[in-house]
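# Chain and residue survey
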Amino acid sequence: MNLLKNKINAEGVVLSETVLKVDSFLNHQVDPELMLEIGKEFAHRFKDQGITKVLTIESSGIAPGVMAALHMNVPLVFARKKKSLTLSEGVLTSKVYSFTKQEENTISISKTYIKENDRVLLIDDFLANGQAALGLIDLVKQAGAEVAGIGIVIEKSFQNGGKLVRETGYRVESLAEIQSLENGKVRFKQEKVHA
Ligand code: 5GP
């Protein structure tokens, strides 16, 4: 997705050989126009999958997730990272090790919002080691629902998450695939052509 790649080239900050900072449009400040286009692209790529819900993790998955949900005309659910006083009964949880924070979080959703007959599109901002995506897959399975696909805004292809998550057999679509962050530069993988 060229719009996204151009934005990464213009505003992304390479913090190290493994971490890209995109606070100006995705992780702190949010560019709504870009998010709208990202949502449209996810909706297009997963249009024939009978999706009934979009599921993401707070907080950075919410902006792209809600725009995908808007274009698919379905609700968005976001998994919480912190215990909520209002989320007490009928809670599904999964443990996720955070790549950027280097700590384990217990993510949770209420059973109320993902049901057995749901076909769920998982959305996240980054795919690094795949732990967040695997945690979301686990929550959907616990709910007895079906994972219909996984949409990632930025995949770092040099980390092992892409391989790990694709091994589950689910379809993974990443809008920008980064091959390397070496020498302070973002290098993208060649893009597949989408009809
Ligand atoms: P994973 O679970 O795949 O290892 O990591 C995914 C999560 O870590 C994403 O939800 C994202 O918040 C965070 N993350 C991983 N790599 C990066 C990165 O290079 N930059 C930023 N800003 N966040 C990242």
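Residues numbered from 1 in each chain as written. Predicted model: local features only at pLDDT ≥ 70, side-chain atom pairs only at ≥ 80, totals over all residues. Heavy atoms only, no water.

So, on to the side chain of Glu 177. Within the secondary structure layout, Glu 177 lies in strand 9 (residues 172–180). Aside from chain neighbours lying at most four places away, what touches Glu 177 is Glu 155, Ser 157, Arg 187, Phe 188 and Lys 189. (Helix = DSSP H or I, 4+ residues; strand = E, 2+ residues; numbered from the N terminus. Contact = heavy atoms within 4.5 Å.)

Looking at where Gln 29 falls in the secondary structure, it is placed in the loop between helix 2 (23–27) and helix 3 (32–45). Looking at Gln 29, the relative accessible area reads 53%, which means it is exposed. At a separation of 2.9 Å, a polar atom in the side chain of Gln 29 contacts the main-chain carbonyl oxygen of Ser 24. (Buried < 20%, exposed > 50% of the residue type's maximum accessible area, 1.4 Å probe, protein only. Polar contact = N/O pair within 3.5 Å; in protein donor to acceptor, adjacent residues only side chain to side chain.)

This part takes up the site of the ligand. Taken together, 16 residues lie near the ligand, and Leu 20, Asn 129, Gly 130, Ala 132 and Lys 156 sit nearest. Here a nitrogen atom of the ligand and a side-chain polar atom of Asn 27 are 2.9 Å apart. For the ligand, the accessible surface in isolation is 510 Å², of which the surrounding protein chains cover 89%. Mapped onto the shell around the ligand, the elements with two or more residues apiece are strand 7 (119–127) and helix 5 (131–142). Looking at which element gives the most residues to the shell around the ligand, the answer is strand 7, with four residues. For the shell around the ligand, a count of residues per class yields seven nonpolar, six polar and three charged. (Near = heavy atom within 4 Å. Areas by Shrake-Rupley, 256 points an atom, 1.4 Å probe, with all protein chains shown as cover. Nonpolar A, V, L, I, M, F, W, Y, C, P; charged D, E, K, R; others polar.)

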